[in-house]
Amino acid sequence: MSKNLLITTAIEATWREDMSVVFLGEWCCLYAREDVWSKLDSVVMDEYGWGEKQQEQEFDLVHELYEELLIDVSNYLNEYHRENKSVRYWRIIVGQWLFRYTSIVFNRWHTITSAIEKYEISETVIIDYPVEKMIANDSLGFLHLVFGDEWNHRLYAKILQSSSNVTCDYRSMDSLPIDMLFNKKRAKSSVINIVYRYIKKAISPLIGLLTKNNSVFIISSSLPKIQETKLFWKLRQFSNLQWGPDITYPPPDMRKRTMVSLQADSNNGLKMFLYDNLFDFIPVCYLEGYNHLVELSKVAPWPKKPKTIFTTNSFDTDELFKVWAAHQIENGSKYIIGQHGGFYGTNKYTDSEMHENKTSDKYLTWGWSEFANQIPCMAFSVIGKLHGDWDRNGGLLLVQLHRDIRVLPWDGTKCFKEYLERQFTLCDLLPKNIRNQLIVRLHAAYINLGWEEDIMWKQRFPSIHVDNGKKSIDELVSSSRLTIHTYTSTGILENLSRNIPTLCFWDQKRWPLRESALRAHDKLMKAGILHHSPESVANKVIEIWDGVEDWWNDSLVQESRVEFCEHYARIPDNPINNLKDELVK
């Protein structure tokens, strides 16, 4: 075999034209740069981790690694911050980030080792980015760094340096070529934002005073605002603030970080790497900024001793809330998490569901239950919304997903390219009269992920209207005759629960279902709601286009919809009363 240059990302400063190259994955080959990469003598490596048994085994293995690492990280953070907190305390604060770190490193490690095993890699180019620029302030900033090539390039470089004999051609850069959004000063605020910040600062003490004795603290409930207000009324409480004090993080202390490390009790290369490099990647909020968060949590305009804390979203990246909640829970508060949306209870692999279950005392689902702490409750986001709100003479709405963000143990960029081709095939199969009424609704996050789906759609179908994800999805749905959801989304659950004509269309390989969800989904297939090929869903659209209402009101369709919603998008008769009862039990 000929020797090859390994290219790990789309950073063209690491490419060479004078030798054969191996692209580590499809993420290296951006659509907008095809005129460059297509001219190279290259091969793109198959993506790692897509065997069915392999996925199941490795998802479990990542969880095992994470649980072991969590105990060691908890012990270290207790020592570092002179605390004596439980593992659950640290799971609430750092757990979601730590699982993603474990999963990402697992994937990048095995992707590199697979490339070295499959190809004769002789060389790679490494850009020496400043380490401190690759450390996020918080877990949301970490996710934004993971989206970027620079951060991934550095991680791949560290893996190659520690686990291979590949020759590294080092190149220095004085500054990063892109704006590292979460580690630089933010752009100047608009006048509206400045005024809003002053208003918040002015009213926070008053509302904090009115709510300091609230027995139930609610934040990010997913309920429509009117319904959330009703809930507070039922609880006989003032509505508590959804925000806390502004946070300013210190810079990472690189001297201290280079002096600390965790030792793995294993000679396994991956495990040793996970431990050895943790402090090169852990966000500031868990080390240098932790004590500041603790102090802010003491003056936040939130209850001092709530009996119950409820959220459907703040458990993930709201660092101040997590620190405040963890302290309250250590002191006896009950922690209730509500299901955020789609994927939960149906998909085999959901990276957040296990974390939410393990941190909460009670987990309120949209209708399903598998463990003792899971309570079938309601589809929070649609409570009180108008049912049957759609336009009998409207057009066709095709709802899209964004590019894979690569936080799971396997890669999904190639699958996303295949996903897009399936969408294009569907559009090709639609007759002109329907296609001319089509709106393609891109996911709002697409703009940050570099795949330029808007350009791809416009080049393939110049006459199609492409919505960039900024318009309200409810507005688009209500003005459409028929909506097609193309992944196992929250939107499917919301539409079905609101009795809005909906077709679902996704690849079973990419989104495999768990055993307990198969029966309800099989019924959706028999009713013609769920499809797994572009040909099937296109034929259904053509079949029902002039009689969507008659098809949707058919007894088989409605029975399958109602049964599905009972398990996965339930709306009880008295939802706010029911929720109040769950929160005060």
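Anything mentioned here points back to the structure above.
The rules we used
- Residues numbered from 1 in each chain as written.
- Predicted model: local features only at pLDDT ≥ 70, side-chain atom pairs only at ≥ 80, totals over all residues.
- Heavy atoms only, no water.
- Pairing = 2+ DSSP bridges.
- Helix = DSSP H or I, 4+ residues; strand = E, 2+ residues; numbered from the N terminus.
- Axes fitted to C-alpha atoms, helices over the stretch in contact; angles between N-to-C directions.
- Salt bridge = Lys/Arg side-chain N within 4 Å of Asp/Glu carboxyl O.
- Buried < 20%, exposed > 50% of the residue type's maximum accessible area, 1.4 Å probe, protein only.
- Contact = heavy atoms within 4.5 Å.

## Focus on the sheet that holds strand β5 (residues 167–172)
Point 1. Strands sit in the order β3-β2-β1-β4-β5 across an open sheet of 5 strands; the sheet is parallel. The open sheet terminates on both sides in strands that have one partner only, identified here as β3 (42–44) and β5. In this sheet, neighbouring strand axes are inclined to one another by 25° on average, regardless of whether the strands run parallel or antiparallel.

## Here's the deal with the pattern of salt bridges
Point 1. Scanning the model with the defined rule gives 37 salt bridges in all.
Point 2. A salt bridge links R16 to D18; the nearest nitrogen and oxygen atoms lie 3.0 Å apart.
Point 3. Where E421 meets R460, a salt bridge forms, and the shortest distance between an N and an O atom there is 3.4 Å. Within this pair, whereas E421 is found in helix α13 (residues 413–429), its partner R460 is found in helix α15 (residues 453–460), the two being separated by 39 residues in sequence.
Point 4. E421 gets classed as partly exposed once you look at its relative accessible area, which sits at 38%.
Point 5. On the accessibility criterion, R460 (38% relative accessible area) is partly exposed.

## Side note on unusual backbone geometry
Point 1. One non-glycine residue, E452, lies in positive phi territory at about 55°.
Point 2. The phi angle at N499 is positive, at roughly 60°, despite the residue not being glycine.
Point 3. Within the secondary structure, N499 sits in the loop between α17 (490–497) and β15 (502–505).

## Some words on the side chain of D351
Point 1. Considering the arrangement of structural elements, one finds D351 in the loop between β8 (334–338) and α12 (353–359).
Point 2. Overall, D351 belongs to the buried group, its relative accessible area being 19%.
Point 3. Once residues within four sequence positions are removed from consideration, D351 is found in contact with F59, Q96, F99, R100, V407 and L408.

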